[in-house]
Amino acid sequence: MKTLENRILSFDNWEQPWTFRELVFQDKTLSDNELNLFNEIWTKGGAFELWNDYDLVLGCKASHSFIAENYNLADKAIANIVRALSYEWK
């Protein structure tokens, strides 16, 4: 989990936020379990039910809260995931 978290935290190319997910998935140091976990977090954190509000900020808050309650990740790692997800919902 720490390797996955470090990879998430290493992303800094916010000029191209759509590259975030691929950066994680292309990391050869991550195990299949870590990649599956990331995919689960991405999918569940990006669920329509969390983002279907008219206000993107509310979607970010709902997604952040969901991930924090269900996965053991640092707050900054969660923030990076939510930030990347938000670009998909804009």
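Look above for the structure.
Residues numbered from 1 in each chain as written. Predicted model: local features only at pLDDT ≥ 70, side-chain atom pairs only at ≥ 80, totals over all residues. Heavy atoms only, no water.

## Points about the overall build of the chain
Right, so step 1: When you go through the chain residue by residue, the secondary structure sums to six helices and zero strands.
Right, so step 2: Going from N to C terminus, the chain has its helices and strands arranged as α-α-α-α-α-α.
Right, so step 3: For a compact globule of 90 residues, the expected C-alpha radius of gyration is about 12 Å, and the chain comes in at 12 Å, within 12% of that figure.
Right, so step 4: Its C-alpha atoms give the chain principal-axis dimensions of roughly 40 × 30 × 20 Å.
Right, so step 5: When each of the 90 residues of the chain is scored for burial, the buried share is 38%.
Right, so step 6: Restricting to contacts in the chain with at least 6 residues of sequence separation, those with at least 24 account for 52%.
Right, so step 7: Carbon and sulfur atoms make up 49% of the accessible area of the chain, which totals about 5400 Å².
Right, so step 8: Measuring between centres, the 9 positive side-chain charges of the chain sit 3 Å from its 14 negative side-chain charges. (Helix = DSSP H or I, 4+ residues; strand = E, 2+ residues; numbered from the N terminus. Rg over C-alpha atoms; globule rule 2.2 N^0.38 Å. Buried < 20%, exposed > 50% of the residue type's maximum accessible area, 1.4 Å probe, protein only. Contact = heavy atoms within 4.5 Å. Areas by Shrake-Rupley, 256 points an atom, 1.4 Å probe, with all protein chains shown as cover. Lys, Arg positive; Asp, Glu negative; His and termini not counted. Charge placed at Lys NZ, Arg CZ, Asp CG, Glu CD.)

## Looking at the pattern of salt bridges
Right, so step 1: According to the stated counting rule, one finds three salt bridges in the structure shown.
Right, so step 2: Between K2 and E5 there is a salt bridge, with its nearest N and O atoms 2.9 Å apart. With K2 and E5 both in helix α1 (residues 2–10) and three residues apart, the pair spans about one turn of that helix.
Right, so step 3: Residue K2 is classed as exposed on the basis of its relative accessible area, which comes to 53%.
Right, so step 4: Residues E40 and K44 are paired through a salt bridge, measuring 3.8 Å at the closest nitrogen-oxygen approach. You can see E40 and its partner K44 sitting in helix α3 (residues 32–45), four residues apart, about one turn around the helix. (Salt bridge = Lys/Arg side-chain N within 4 Å of Asp/Glu carboxyl O.)

## So, the packing of α3 against helix α5 (residues 56–70)
A pair of packed helices is captured by two measures, namely the crossing angle of their axes and the spacing between those axes.
Right, so step 1: As a packed pair, α3 and α5 sit with axes 9 Å apart at the nearest point and diverge in direction by 140°. If you check the angle between α3 and α5, you find them oblique. At the point where α3 passes α5, the crossing takes the right-handed sense. On the side of α3, the interface is formed by I41, K44 and G45, while α5 contributes S63, F66 and I67.
Right, so step 2: Here the residues of the contact of α3 with α5 sort into three nonpolar, two polar and one charged. (Axes fitted to C-alpha atoms, helices over the stretch in contact; angles between N-to-C directions. Parallel < 35°, antiparallel > 145°, perpendicular 65-115°, else oblique. Left-handed = near helix turned anticlockwise from the far one by under 90°. Nonpolar A, V, L, I, M, F, W, Y, C, P; charged D, E, K, R; others polar.)

## A short note on the nonpolar core
Right, so step 1: In this structure, I8, F20, F38, I67 and I81 are the most contacted members of the largest nonpolar core, which totals 22 residues.
Right, so step 2: For this core, the secondary structure elements donating two or more residues are α1, α2 (20–25), α3, α4 (48–51) and α6 (75–89).
Right, so step 3: Here the element with the most residues in this core is α6; it accounts for six residues.
Right, so step 4: The residues contacting F20, other than those within four sequence positions of it, are I8, F11, W14, F38, W42, N80, I81 and A84. (Core = buried A, V, L, I, M, F, W, Y, C linked by side-chain atoms within 4.5 Å.)

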